[in-house]
Amino acid sequence: MTEHWSWLTGSGAAEYTYSPPTRPSRPPHRPLVKLATSAHLHTIARHMPSDAKPRPWLLHDSVASVLSAKPARVMSQLIESHLRALFCNGYCLLLAVAATLASSVRGTAEVMSHVTAHFGKALEECREESGLSPEIMEEFKHFWSENFEIVHRELGCAIICMSNKFSLMQDDARMHHVNMDDYIKTFPNGEVLSAKMVDLIHNCEKQYDDMTDDCERVVKVAACFKTDAKKEGIAPEVTMIEAVMEKY
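Definitions and cut-offs
Residues numbered from 1 in each chain as written. Predicted model: local features only at pLDDT ≥ 70, side-chain atom pairs only at ≥ 80, totals over all residues. Heavy atoms only, no water. UniProt positions renumbered as here; feature names shortened; annotations may be inferred. Disulfide = S-S within 2.5 Å. Helix = DSSP H or I, 4+ residues; strand = E, 2+ residues; numbered from the N terminus. Buried < 20%, exposed > 50% of the residue type's maximum accessible area, 1.4 Å probe, protein only. Phe/Tyr/Trp six-rings, centres within 6.5 Å; stacked < 30°, edge-to-face > 60°. Salt bridge = Lys/Arg side-chain N within 4 Å of Asp/Glu carboxyl O. Axes fitted to C-alpha atoms, helices over the stretch in contact; angles between N-to-C directions. Parallel < 35°, antiparallel > 145°, perpendicular 65-115°, else oblique. Left-handed = near helix turned anticlockwise from the far one by under 90°. Contact = heavy atoms within 4.5 Å. Nonpolar A, V, L, I, M, F, W, Y, C, P; charged D, E, K, R; others polar.

- An unreviewed UniProt entry lists the chain under the name General odorant-binding protein 2, from Arctia plantaginis.
- Looking at the chain in UniProt, the text filed under Sequence similarities (unreviewed entry) is "Belongs to the PBP/GOBP family."

Observations concerning the state of the cysteines
Part 1: The final tally for this structure, using the stated rule, is three disulfides.
Part 2: Two residues, C157 and C215, share a disulfide whose sulfurs are 2.0 Å apart. Judged by the sign of its S-S torsion, about 115°, the bond between C157 and C215 is right-handed. Of this pair, C157 sits in helix α5 (residues 153–165) while C215 sits in helix α8 (residues 214–232), and the two are 58 residues apart along the sequence. We note that C157, like C215, is buried.
Part 3: Two residues share a disulfide in this structure: C204 and C224, whose sulfurs sit 2.1 Å from each other. Disulfide C204 to C224: torsion about the S-S bond roughly -75°, handedness left-handed. Highlighted residues: C204 in helix α7 (residues 194–207) and C224 in helix α8, separated in sequence by 20 residues. The pair C204 / C224 is uniform in exposure class, with both members buried.
Part 4: The connectivity of the disulfide bonds within the chain can be written as 1-3, 2-5, 4-6, using the sequence rank of each bonded cysteine.

Remarks on the packing of aromatic side chains
Part 1: The full count for this structure, using the stated rule, is eight aromatic pairs.
Part 2: The interplanar angle of 65° and the centroid separation of 5.5 Å between the aromatic rings of F119 and F140 together place this pair among those described as edge-to-face. Of the two residues, F119 sits in helix α3 (residues 71–119) while F140 sits in the loop between α4 (123–130) and α5, which places them 21 residues apart along the sequence. Comparing F119 with F140, the two get one shared label, buried.
Part 3: Plain terms: the ring middles of F140 and F143 are 5.4 Å apart, the flat faces sit at 20° to each other, and that makes the pair stacked.
Part 4: For F140, a relative accessible area of 8% translates into the label buried.
Part 5: One aromatic cluster in this structure is built from F119, F140, F143, W144, F166, Y183, F187, F225 and Y248.

Points about the pattern of salt bridges
Part 1: One pass over the full model with this rule turns up eleven salt bridges.
Part 2: The partner of E125 in a salt bridge is K165, and the shortest N-O contact between them spans 3.6 Å. With E125 in helix α4 and K165 in helix α5, this residue pair connects regions lying 40 residues apart in the sequence.
Part 3: Among the ionic pairs, K230 bridges to E146, the shortest N-O distance being 3.3 Å. You can see K230 sitting in helix α8 and its partner E146 sitting in the loop between α4 and α5, a full 84 residues away along the chain.

A word on the packing of α4 against α5
Part 1: Put simply, α4 and α5 touch, their axes get as near as 9 Å, and they point 130° apart. By the criterion of interaxial angle, the relationship of α4 to α5 is oblique. Of the two elements, α4 crosses α5, and the hand of that crossing is right-handed. Only E154, C157, A158, C161, M162 and K165 of α5 make contact with α4, whose side of the interface consists of L123, E125, C126, E129 and S130.
Part 2: Here the contact of α4 with α5 is built from residues that sort into six nonpolar, one polar and four charged.

Listed below in structure tokens is the structure:
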């Protein structure tokens, strides 16, 4: 733009060039620091005005607590925080698994208490046939007592007699797998024990399969089964058997 300003300066005409003021440049963006926590990516300003209002929806608690710390310390604290979280999660999972296993073991022991109580009802009917006196075994629930030794031949004969009352043995005085499985399943939650019990008895039968005396062999199998059941944690307490005996 060219204009004459002689009327103002009193001098001759002169040529001036008008230059409009330049627009101030946009202030640079604040430097940003990116912090990754868990599955979230939080972007926060490195410097915050003293009068700025907190925005809790933007910042993770663990990040907000360390804004004033140095970057290396920030990362260290975040790593430590997440390691604690991972440890807690793993520990809680372990406790849950342990509780589930304990509940499962107790469940099978309860089923075994029902099986023992019902099966033991046939003991009195088989005393005379087997020659099992009350001095050897007063009640069948004592089968699971710690101080009861399964060594008497008469007990083996009684178990054969009692098993035949429920069709649980074949003609060779060995377990009938299908009938035993079905028998156990007739009790509350019996399906959780049936396969395990059949498997334990069968494994014990194989160990003494060469014995020709049926009563001697069965008492050996019974002692083996008791030992293995205790190892598996499915053996019932005598008090558990007593609690369900009235049902049968």
